[in-house]
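Coordinate analysis (summary)
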Amino acid sequence: MSNSTLRDAALKYHSEGRPGKIEVVSTKPLTTQNDLSLGYTPGVAEVCLVIKDDPAAAEKYTSKANLVAVVTNGTAVLGLGNIGPLAAKPVMEGKAVLFKKFANIDVFDLEINETDPDKLVDIVASLEPTFGGINLEDIKAPECFYIEEKLRERMKIPVLHDDQHGTAIIVLAAFINATELAGKTKESVKIICSGAGAAGLACMNLLAEWGVPRRNITLVDVAGVIHAARENLHPTHVPFAHPTAARTLAEAVAGAGADVFFGLSAPGILTPEMVKTMADKPIIFAMANPTPEIMPDLARAARPDAIIGTGRSDFPNQINNVLGFPYLFRGALDCGATTFNTEMKIAAAKALANLARAEPEPGLATAYKGSKLKFGPEYLIPKPFDNRLLSTIAPAVAEAAMASGVAQRPIADLAAYAAGLHASIDQSFALMRDIITLAKQEPKRVVYPEGEDPRILQAAQAVITQGLARPILLGRAEVVREHINDLGLTMREGTDFTLIDPQTDNAIEDYAQAYYTLRQRDGVTLGEARIHLRSRWLTWASLMVQRNEADAIVCGISGRFMRYLPIAAHIINGSKSTDNIYALQVVMAKDKVLFMADTHVQLNPTAEQLAEMTVLAAQEMQQFGIEPRVALLSHSNFGSSRNANTLKLQQARQIMQARWPSLAVEGEMQADTALNMDVMHRIFPESKLTEPANLLIFPDVDSANIAFNMVRMMGNDVDYIGPILLGLNKPVHIVSVDAPVRRVINLTALAVVQAQQAASRSRPNLRKGTR
């Protein structure tokens, strides 16, 4: 993208709609006079008095414990220099957005027109009653050191200058992994750091705290090597000023036989000739932006054995602060830390390094096409959109804060805390947690007829890693193997999964005869049976399940739902009819979970079908540990309108009342009545529902599908699991073509549990008189 195109796009991005990138949103309702009297006067005075008597209560009754100030005076903004606080505001708003996106932390950006360090300290320190933490940003050195030090002395909330310590934490994580890959030890490595400002000094100090001897670190600034005989040394440089004859960067690199080069300085200052003088397997982190100290291709040409990182997203191993600061503050805020100490920073770096060594998050390869997300020289640290960062780093930070004695609100159960954080990012996680636990207890054989699709392969890798199932992949063998290699997956054919190529597998004749026997009166010849099996791999998969050679099927990622369903139903249920098959969707939006049926199969279900789908859906809800509260939806409220559809719904309710009297079912009713108990009590106070409905049954597939798709498109905080097929004799789930990897994994786990229960006959039951 050219500079002019980038400028135009950025200006448009910031000006469209409401100017800027942030807004304040109320977390409490403010729609009635009562709300107003509670949220403001007179009710708010009661809260004020409680906090006056107990200041710690502010964390319970206000936003303080989740509110961070991003503070700048605009003296060192990005690579733009001293552009002033107002011009720095877009950057601070951007920082606020990152806090919210990655850690759900609220931010006020504060651009302060003050360059006197002591006055700036006074201003920021006076704001302690408002905030749970302070993020200092884009304040020039050396004043930034003094400002942070004084604020840490005066304030009892965590203060972090992210340009220093955020960078240092990511650098340490990359350093830990790079030295292990290169076979180097922290005690013996020789380090050259070009850049002795805020970031450079913070990085080197944290490395020293980690265990790198300061005598092995050589600092270089614009005037050359910082050495013991140099005059007018700044106090922050003294610990790294050693006796040396080197005076230039080139002399320092060659003379030390440098193992590691850190660049936090200026573009192009490290030449290929310098790189050639470095030790075996040199580590080069050239982090100047947008042009690094040496371009990776030049470094690689000079030393093919080099491990290289930059500050840019278009090269491997990006040293990016967003991997750190949201999660540091999340952990610190949640345990009530009074400061950020070295123990917390090292804990964050170690957690980040360890995460890079774990199996990549399912679906991450889709977001980073062309990248091999496998621990190695080109994957030293995780990617910013790895959803595990929050639930990995924040608990590590909190644990270190507690162990070092700076946590005011210790977290009793760190595992539960981590699970809660993960659920806040992946809404399906909280709902699926028990299902996944059950699946792991007795993994089943799940066949994926679209085994060549990269999303299926990523899902299969995750299923294997988590111990959920034993995958069977159908596909052309050479294509599947090539994709596994390209994606950097570690699953082993024959050990971790089974690969069947329907075009060459020796079982074709046996399967063809079985399929021919099933379809011979549909005009299918034995030869056509062979063709179907070689080209329609769902047919092969369905026969495997029907013959008990597999336990479940997950498919649909490359085909239409209603093309797949008849094939599976005919083979597995032994009937061409789909009259008793239904589709259930689970929609999750913040703190609300709704089950919706039938969104895909029955165009205009009868009363009997509505009753059957409701009971099947209710049984499925019990798998998730949720008691069903059923609403039969209509444009009518309890007989206010009489037509064929409303009469059908009333009849369905009567059938369920007679056969399953314990099931809480009401209707027909409008959707707002079903979801709002105030409306329900006003319209029909005798309702059997004592809480809002959580299972919504629609009169036809059009209304169900329209409602489902409208709800799921309402915002980024809406997620869903499904469609979950009900009424098949064996577990089969047909996902949508746009399904992410996580949804495939979820439906795999659900299919495994359904297969377990089918084998043991322990499926939840809603027989007459039971619940």
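1. Overview of the pairing of strand β2 (residues 106-111)
- Two strands pair when backbone bridges link them, and strand β1 (residues 67-72) and β2 are joined in this way by six bridges, in the parallel orientation. Paired with Thr-72 across the bridge in β2 is Glu-111.
- In this fold, the crossover linking β1 to β2 by way of helix α5 (residues 85-103) has right-handed handedness.

2. Side note on the pattern of salt bridges
- For the structure shown, the criterion picks out 34 salt bridges.
- Here Arg-476 and Glu-452 are joined by a salt bridge, their closest N and O atoms 2.7 Å apart. Taken together, the residues Arg-476 in the loop between β12 (469-474) and α20 (477-486) and Glu-452 in the loop between β11 (444-448) and α19 (454-466) connect sequence positions 24 residues apart.
- A salt bridge links Arg-547 to Asp-510, with the nearest nitrogen and oxygen atoms 2.6 Å apart. On the criterion of sequence distance, the pair formed by Arg-547 in the loop between α23 (537-546) and β14 (552-555) and Asp-510 in helix α21 (residues 508-519) is long-range, its members being 37 residues apart.

3. Things to note about the sheet that holds strand β10 (residues 307-310)
- With mixed pairing, six strands are arranged side by side in an open sheet as β7-β6-β5-β8-β9-β10. In this open sheet, the two edge strands, each paired with only one partner strand, are β7 (224-225) and β10.
- Of the pairings in the sheet, the one linking strand β8 (residues 260-263) to strand β9 (residues 283-286) comprises four bridges and is parallel in character. Each residue of the ladder has a partner; that of Gly-263, found in β9, is Ala-286.
- The strands that helix α8 (residues 162-182) touches are β5 (191-194), β8, β9 and β10; relative to β9, the one it contacts most, it runs at about 155 degrees.
- Lying over the sheet, helix α10 (residues 249-256) contacts β5, β6 (217-221), β7 and β8, oriented at roughly 165 degrees with respect to β5.

4. Describing helix α6 (residues 117-125)
- Those residues of α6 that fall on the buried side of the exposure criterion are Leu-120, Val-121, Val-124 and Ala-125. Down the axis of α6, the buried side of the element spans an arc of 125 degrees, and every buried residue falls inside it.
- Here the buried face of α6 lies against β1, β3 (133-136) and α7 (143-154).
- Capping the start of α6, Asp-116 holds a side-chain oxygen 3.0 Å from the backbone nitrogen of Asp-118, two or three residues further along.

5. Some thoughts on the side chain of Ser-634
- Within the element layout of this structure, Ser-634 appears in the loop between β17 (629-633) and α26 (644-659).
- Within the local environment of Ser-634, its side chain forms a polar contact with the backbone nitrogen of Ser-636, the two atoms lying 3.0 Å apart.

6. Let's talk about the environment of Ile-139
- In this fold, Ile-139 is placed in the loop between β3 and α7.
- Once the C-alpha coordinates of Ile-139 and Leu-726 are considered, the two residues, 587 residues apart in sequence, prove to be 60 Å apart.

7. A few points about a nonpolar patch on the surface
- Taken together, the side chains of Leu-30, Leu-36 and Tyr-40 define a hydrophobic patch exposed on the protein surface, amounting to about 340 Å² of accessible area.
- Inspection of the secondary structure puts Tyr-40 in the loop between α2 (33-39) and α3 (43-53).

8. Considering the environment of Pro-382
- Along the chain, Pro-382 falls in the loop between α15 (364-367) and α16 (388-403).
- Here Pro-382 falls in the buried class, since its relative accessible area comes to 3%.
- Residues Pro-382 and Pro-360 lie 22 residues apart in sequence; the distance between their C-alpha atoms is 8.4 Å.
- Setting aside residues up to four positions removed in sequence, Pro-382 forms contacts with Leu-323, Leu-352, Leu-355, Ala-356 and Leu-389.

9. Here's the deal with α23
- Most of α23 sits inside the fold, with nine of its 10 residues counted as buried.
- Of all the residues in α23, the buried ones are Trp-537, Leu-538, Thr-539, Trp-540, Ala-541, Ser-542, Leu-543, Met-544 and Val-545.
- Asn-548 sits one or two positions beyond α23 and adopts a positive phi of about 60 degrees.

10. As for the packing of aromatic side chains
- One pass over the full model with this rule turns up 11 aromatic pairs.
- Judged by centre distance (5.4 Å) and plane angle (75 degrees), the ring pair of Phe-99 and Phe-329 falls under edge-to-face. Of this pair, Phe-99 sits in helix α5 while Phe-329 sits in helix α13 (residues 325-334), placing them 230 residues apart in sequence. Taken individually, Phe-99 and Phe-329 each receive the classification buried, so the pair is uniform in this respect.
- With centroids separated by 5.0 Å and ring planes inclined at 85 degrees, the aromatic side chains of Phe-708 and Tyr-720 adopt a geometry described as edge-to-face. With Phe-708 in helix α29 (residues 701-712) and Tyr-720 in strand β20 (residues 718-726), this pair connects stretches of sequence that are 12 residues apart. Summarising the burial analysis for this pair, Phe-708 and Tyr-720 share the class buried.
- Members of the aromatic cluster, joined through ring pairs, are Phe-99, Phe-325, Phe-329 and Phe-340.

11. Comments concerning the pairing of β6
- Here β6 lies mainly inside the structure; four of its five residues are buried.
- Two elements, β5 and β6, share four bridges in a ladder whose sense is parallel. Among the inter-strand pairings, Ile-192 is bridged to a residue of β6, identified as Thr-218.
- Considered for its hand, the β-α-β crossover made up of β5, helix α9 (residues 198-210) and β6 is right-handed.
- Sheet analysis places β6 next to β7, joined by two bridges and oriented antiparallel. Bridged to Val-220 within β7 is Val-225.

12. Things to note about the nonpolar core
- Judged by nonpolar contacts, the single largest core of 103 residues is most densely connected at Ile-134, Phe-175, Ile-191, Met-204 and Phe-262.
- The dominant element in this core, judged by the number of residues it contributes, is α8, at 11 residues.
- Not counting the four nearest positions on each side in its chain, Ile-134 is found in contact with Ala-69, Val-71, Val-124, Met-155, Ile-157, Pro-158, Val-159, Leu-160 and Phe-329.
- Ranked by size, the runner-up nonpolar core spans 70 residues in total, among them Ile-464, Ile-557, Ala-611 and Val-735.

13. Topic: the sheet that holds strand β16 (residues 592-597)
- Pairing in this open sheet of six strands is mixed, and the strands run β18-β17-β19-β16-β15-β20 from one edge to the other. Each having just a single partner strand, β18 (664-669) and β20 make up the two edges of the open sheet. Across this sheet, the average inter-strand angle for adjacent strands is 20 degrees, counted without regard to direction.
- Sheet analysis places β16 next to strand β19 (residues 695-697), joined by three bridges and oriented parallel. Each residue of the ladder has a partner; that of Met-596, found in β19, is Leu-696.
- Each of β15 (582-589), β16 and β20 touches helix α18 (residues 427-441); the most contacted strand, β20, lies at about 40 degrees to it.
- Across the sheet, helix α25 (residues 607-623) is in contact with β15, β16, β17, β19 and β20; its angle to β19 comes to roughly 160 degrees.

14. Observations concerning the state of the cysteines
- Per the counting criterion, the structure on display carries zero disulfides.
- For Cys-144, which is in no disulfide, the shortest distance to another cysteine sulfur is to Cys-203 and amounts to 12 Å.
- According to the relative accessible area criterion, Cys-144 is buried, its value standing at 2%.
- With no disulfide of its own, Cys-193 lies 6.8 Å from the sulfur of Cys-203, the closest cysteine sulfur.

Calculation rules
- Residues numbered from 1 in each chain as written.
- Predicted model: local features only at pLDDT ≥ 70, side-chain atom pairs only at ≥ 80, totals over all residues.
- Heavy atoms only, no water.
- Pairing = 2+ DSSP bridges.
- Helix = DSSP H or I, 4+ residues; strand = E, 2+ residues; numbered from the N terminus.
- Right-handed = clockwise from strand over helix to strand, strands pointing away.
- Salt bridge = Lys/Arg side-chain N within 4 Å of Asp/Glu carboxyl O.
- Contact = heavy atoms within 4.5 Å.
- Axes fitted to C-alpha atoms, helices over the stretch in contact; angles between N-to-C directions.
- Buried < 20%, exposed > 50% of the residue type's maximum accessible area, 1.4 Å probe, protein only.
- Arc of directions from axis to C-beta.
- Polar contact = N/O pair within 3.5 Å; in protein donor to acceptor, adjacent residues only side chain to side chain.
- Patch = residues over 30% accessible without salt bridge, like charges linked within 9 Å, V, L, I, M, F, W, Y side chains within 5 Å.
- Areas by Shrake-Rupley, 256 points an atom, 1.4 Å probe, with all protein chains shown as cover.
- Phe/Tyr/Trp six-rings, centres within 6.5 Å; stacked < 30°, edge-to-face > 60°.
- Core = buried A, V, L, I, M, F, W, Y, C linked by side-chain atoms within 4.5 Å.
- Disulfide = S-S within 2.5 Å.

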